[in-house]
Amino acid sequence: MAVDNALNWNTVASLATGVGTLVLAAATFAAVRSSNRTARLTEASHQADLRALLLPSRFHDVEEKVGFIDGRWFKIAGGRGIAEVEGDVVYLLMSLRNVGTGIAVLHAWHLTPDRDPQNTEAPDVADFRRLTRDLYIPVGDTGFWQGAFRDPSEPDFQAAVEAIKANKPLTVDVLYGDHEGGQRVVSRFVLTPHDDAGRIVAASRHWNIDRPDPR
């Protein structure tokens with residue numbers, strides 16, 4: 001009988017140890033899961049703090065003086081765009097405002113020499129032209145985008161010249177992201193001719209490139 005009692009107590013002790021180990025494992029799993037969830041939320045919050053979003057600047061924003069690499073300078077007013085052909089160069093310029101929570105670093109662009117409101121597909125960034133220099137627009141402040149065509153033999157140059165001379169709208173897709181090089185976005189802008197103001201800039205759509213785009 002004493003032997004049976006000893007065996008029973010050994011069994012109970014083993015079961016208790018097993019249950020304790022299982023409870024500890026469950027608690028550890030819950031803690032790790034909670035920690036991972038907290039880390040994901042922290043990372044998401046950090047990313048949101050760095051996120052830029054570009055829109056046209058307001059008409060009453062400060063006029064800026066912008067220079068190109070060849071020494072050509074333009075003055076651009078708030079909410080306006082410039083598209084000019086001078087010799088073998090097409091100069092393009094837009095006044096923009098960063099309404100996001102992080103600095104905007106502009107990387108590249110693509111021009112469509114017209115306006116197509118039915119085209120809602122995200123553009124292929126592989127077709128974009130890299131800017132000669134990165135352009136920066138601070139949080140809650142104004143800045144600009146600039147681009148140029150300098151090779152008259154390429155089709156894009158000729159298409160841009162024809163559209164500008166015909167006074168057609170121009171569609172510009174701008175690729176930009178945060179200062180860490182992530183969270184890239186493409187914003188589409190339309191430069192519409194206006195008799196009294198040169199070209200008016202309007203934003204028509206935004207696409208997320210490096211994260212899910214819910215639309």
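Residues numbered from 1 in each chain as written. Predicted model: local features only at pLDDT ≥ 70, side-chain atom pairs only at ≥ 80, totals over all residues. Heavy atoms only, no water.

As a further point, take the environment of Trp145. By the element assignment, Trp145 lies in strand β8 (residues 142–149). Using a relative accessible area of 0% as the deciding quantity, one classes Trp145 as buried. For Trp145 and Ser95, which are 50 residues apart along the polypeptide, the C-alpha to C-alpha distance reads 6.7 Å. Setting aside anything within four residues of it in sequence, one finds Trp145 in contact with Leu92, Leu93, Met94, Leu96, Leu106, Trp109, Leu131, Leu135, Val172 and Val174. (Helix = DSSP H or I, 4+ residues; strand = E, 2+ residues; numbered from the N terminus. Buried < 20%, exposed > 50% of the residue type's maximum accessible area, 1.4 Å probe, protein only. Contact = heavy atoms within 4.5 Å.)

All told, the structure shown has 5 aromatic pairs when counted by the stated rule. Each ring, one from Phe68 and one from Phe74, has its centre 5.7 Å from the other, and the planes form 80 degrees; the classification is edge-to-face. Across this residue pair, the class does not change: Phe68 and Phe74 are buried. Centre to centre, the rings of Phe68 and Tyr91 are 4.9 Å apart; their planes meet at 70 degrees, and the pair counts as edge-to-face. Residue Phe68 is located in the loop between β2 (64–67) and β3 (73–76), and its partner Tyr91 is located in strand β5 (residues 89–98); the two are separated by 23 residues in the primary sequence. Relative accessible area serves as the criterion here: at 5%, Tyr91 is assigned to the buried category. Put simply, the rings of Phe68, Phe74 and Tyr91 pair up and form one aromatic cluster. Above the ring of Phe74, the side-chain terminus of Arg72 is found at 4.1 Å from the ring centroid. Between the NZ or CZ atom of Arg80 and the centre of the ring of Phe59, over which it lies, the distance is 4.5 Å. (Phe/Tyr/Trp six-rings, centres within 6.5 Å; stacked < 30°, edge-to-face > 60°. Lys NZ or Arg CZ within 6 Å of the ring centre and 35° of its normal.)

Any two side chains of opposite charge can pair, given that their charged atoms come close. The full count for this structure, using the stated rule, is 9 salt bridges. For Asp70, the salt bridge identified is with Arg150, shortest N-O distance 2.9 Å. One end of the pair, Asp70, is in the loop between β2 and β3; the other, Arg150, is in the loop between β8 and α2 (155–165), and 80 residues separate them in sequence. For Asp70, a relative accessible area of 38% corresponds to the partly exposed category. We note a salt bridge from Glu84 to Arg72, for which the minimum N-O separation is 3.9 Å. Of this pair, Glu84 sits in strand β4 (residues 80–86) while Arg72 sits in the loop between β2 and β3, and the two are 12 residues apart along the sequence. Overall, the relative accessible area of 32% leaves Glu84 in the partly exposed class. A relative accessible area of 26% means that Arg72 is categorised as partly exposed. Linked through salt bridges whose partners overlap, the residues forming this network are Arg72, Glu84 and Glu86. (Salt bridge = Lys/Arg side-chain N within 4 Å of Asp/Glu carboxyl O.)

Generally speaking, soluble globular proteins have nonpolar side chains that are buried together. Ranked by internal contacts, the top residues of the largest apolar core, which has 38 residues, are Leu92, Met94, Leu106 and Trp145. Residue contributions to this core peak at 7 residues, all from β5. The next biggest cluster of nonpolar side chains, apart from the first, holds 5 residues, and it includes Ala108, Phe128, Leu175 and Val186. (Core = buried A, V, L, I, M, F, W, Y, C linked by side-chain atoms within 4.5 Å.)

Remember, this is a structural readout, not a statement about activity or role.
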